[in-house]
Amino acid sequence: MGPSISVVIPTYKGKSLLAQNLPSVFHALQQATDTFEIIVVDDASQDDTATFLKEQYPSITFLCNESNKGFSPTINKGIFAAQYEWVLLLNNDVKLLPNYFNALIPHLENKNCFGIMGKIIGYDNDQLQDSSKYPNCSLLNINGTTNYQFINEANRSTIYTFMLSGANALVNREKLLQLQGFCELYAPFYWEDVDLSIRAWKMGWQCLYEPNAICRHPASTTVKSNFKKKQTAIISNRNKLLLHSIHLSSTALILYHFKLLGKALFALLRFNFSFLKSCYLYIQLLPEALKTRSTLKALQAANNQKHTLSDIYRFIKNDIGTEAITLF
């Protein structure tokens, strides 16, 4: 029978991408399970996605935002509507290879598993885009975007990742709901998947990487096509500040804000108004970020968990040990 799986796909002006990639999703699901559903959530794109899905894929559950809200609120709408044990968080521009789910299934027996991501390669080539993420972090800096790969990858039965990619990750629904899905402070985009993964690790759950679960993905399309480069940078910088305010230790956060003040003064001297705008937007959201921080601490306490960022770094690096890896 296989595991029960809900696939949640957020989309914005994505009819052509859905037409291109949905057949691969159905095919991969049919190779692995008899119990599945696909939920597509449209972020008020006002194209003919709804008509296309109704005519071509009537079995798909289609949801639509009344106004454009960004990634986190959109995918959360699908997550909260999902009914099965495992939820695949999937971008509309991702094509799954036929054995994608089959490679993930052995990990589902791990009761401590929060989620598993697969290997992302180029859409038209086999160039590696995303693999397991290395905690390339310091006291005052969280960097969850550095990839690492074992030289002898085939010898590893379990590979841990600092973060699960929002492009493809099979996540335990019950655990996901305990975390209330993605944090919507990060809307419209960027860093929300890093935040979700850190919250999962802090709850004592594990984020895994399976190199034999392969999907194809082009370079980022939706954000680049709908937002100007300057606007994207402002939002990304704001959200990285939010990430630190939620997850750094209390002492580190105080030091981080002193560091941020220095960077803001330097930006002022250089007339770098984009960074200053990021700081301004961050300050506006800081009260909500601190509430999110408190909520996470309360959830940890209720579940007798005390894991910190340092614990996460240490766990992954100790697992790697002296084995040869490449970073990219």
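Structure report, in brief. (Residues numbered from 1 in each chain as written. Predicted model: local features only at pLDDT ≥ 70, side-chain atom pairs only at ≥ 80, totals over all residues. Heavy atoms only, no water.)

**Some thoughts on unusual backbone geometry**
Link 1 in the chain: Looking along the chain, the bond that leaves A187 and enters P188 is cis, with omega of 15 degrees.
Link 2 in the chain: Residue placement: P188 occurs in the loop between helix 5 (173–178) and helix 6 (192–202).
Link 3 in the chain: Positive phi, close to 55 degrees, is recorded for A44, a residue that is not glycine.
Link 4 in the chain: Mapped onto the elements of the fold, A44 is located in the loop between strand 2 (36–42) and helix 2 (49–56).
Link 5 in the chain: For Y190, which is not a glycine, the phi torsion comes out positive at approximately 85 degrees.
Link 6 in the chain: In this fold, Y190 is placed in the loop between helix 5 and helix 6.
Link 7 in the chain: Overall, the relative accessible area of 29% leaves Y190 in the partly exposed class. (Helix = DSSP H or I, 4+ residues; strand = E, 2+ residues; numbered from the N terminus. Buried < 20%, exposed > 50% of the residue type's maximum accessible area, 1.4 Å probe, protein only.)

**Details of the packing of aromatic side chains**
Link 1 in the chain: Tallying each qualifying case throughout the model produces 14 aromatic pairs.
Link 2 in the chain: Ring geometry for F189 versus Y190: centroids 4.8 Å apart, planes at 70 degrees, classification edge-to-face.
Link 3 in the chain: Note on F189: relative accessible area 6%, which makes it buried.
Link 4 in the chain: Measuring from ring centre to ring centre gives 5.6 Å for W201 and F315, while their planes differ by 55 degrees; the resulting arrangement is tilted. Here W201 is found in helix 6, whereas its partner F315 is found in helix 11 (residues 309–320), with 114 residues between them in sequence.
Link 5 in the chain: Grouping aromatic residues by their ring pairs yields a cluster made of F26, F36, F52 and Y57. (Phe/Tyr/Trp six-rings, centres within 6.5 Å; stacked < 30°, edge-to-face > 60°.)

**Concerning the pairing of strand 2**
Link 1 in the chain: Here strand 2 lies mainly inside the structure; six of its seven residues are buried.
Link 2 in the chain: In terms of strand pairing, strand 1 (residues 5–11) meets strand 2 through seven bridges, oriented parallel. Its bridge partner lying in strand 2, P10 is registered against V41.
Link 3 in the chain: Taken together, strand 1, helix 1 (residues 15–32) and strand 2 constitute a β-α-β crossover, and its handedness is right-handed.
Link 4 in the chain: As defined by bridge partners, strand 2 adjoins strand 3 (residues 61–64) across four bridges and the pair is classed as parallel. What sits directly across from D42, in strand 3, is C64. (Pairing = 2+ DSSP bridges. Right-handed = clockwise from strand over helix to strand, strands pointing away.)

**Let's talk about the packing of helix 8 (residues 229–247) against helix 10 (residues 273–302)**
Link 1 in the chain: Where helix 8 contacts helix 10, the axes come no closer than 8 Å and their chain directions differ by 35 degrees. Handedness of the helix 8/helix 10 crossing: right-handed.
Link 2 in the chain: Class assignment for the residues of the contact of helix 8 with helix 10 results in 14 nonpolar, six polar and four charged. (Axes fitted to C-alpha atoms, helices over the stretch in contact; angles between N-to-C directions. Left-handed = near helix turned anticlockwise from the far one by under 90°. Nonpolar A, V, L, I, M, F, W, Y, C, P; charged D, E, K, R; others polar.)

**Digging into the pattern of salt bridges**
Link 1 in the chain: Counted according to the given criterion, the structure contains nine salt bridges.
Link 2 in the chain: For E153, the salt bridge identified is with K119, shortest N-O distance 3.6 Å. Here the residue E153 occupies a position in the loop between strand 9 (146–150) and strand 10 (159–160), and K119 occupies one in strand 6 (residues 113–122), the gap between them amounting to 34 residues. Take E153 and K119: they sit in the same class, and that class is buried.
Link 3 in the chain: The partner of E323 in a salt bridge is R156, and the shortest N-O contact between them spans 2.5 Å. With E323 in the loop between helix 11 and strand 13 (325–327) and R156 in the loop between strand 9 and strand 10, the pair connects residues that are 167 residues apart, well separated along the chain.
Link 4 in the chain: Taking relative accessible area as the criterion, E323 reaches 34% and is therefore assigned partly exposed.
Link 5 in the chain: Salt bridges linked by common partners bring R156, D319 and E323 together as one network. (Salt bridge = Lys/Arg side-chain N within 4 Å of Asp/Glu carboxyl O.)

**Re the sheet that holds strand 8 (residues 132–134)**
Link 1 in the chain: What the three strands build is an open sheet, ordered 8-9-13; its pairing is antiparallel. Edge positions in the open sheet fall to strand 8 and strand 13, since each of these has one partner strand only. Taken pair by pair, the neighbouring strands of this sheet meet at an average axis angle of 45 degrees, ignoring direction.
Link 2 in the chain: Pairing of strand 8 with strand 9, which is carried by three bridges, proceeds in the antiparallel orientation. Bridge assignment links K133 to a residue of strand 9, and that residue is N147.
Link 3 in the chain: Each of strand 8, strand 9 and strand 13 is contacted by helix 11, which is oriented at about 30 degrees to strand 9, the strand it contacts most. (Contact = heavy atoms within 4.5 Å.)

**Some details on the state of the cysteines**
Link 1 in the chain: Under the criterion given, the structure shown has zero disulfides.
Link 2 in the chain: Sulfur of C137: no disulfide; nearest cysteine sulfur belongs to C207 and is 13 Å away. (Disulfide = S-S within 2.5 Å.)

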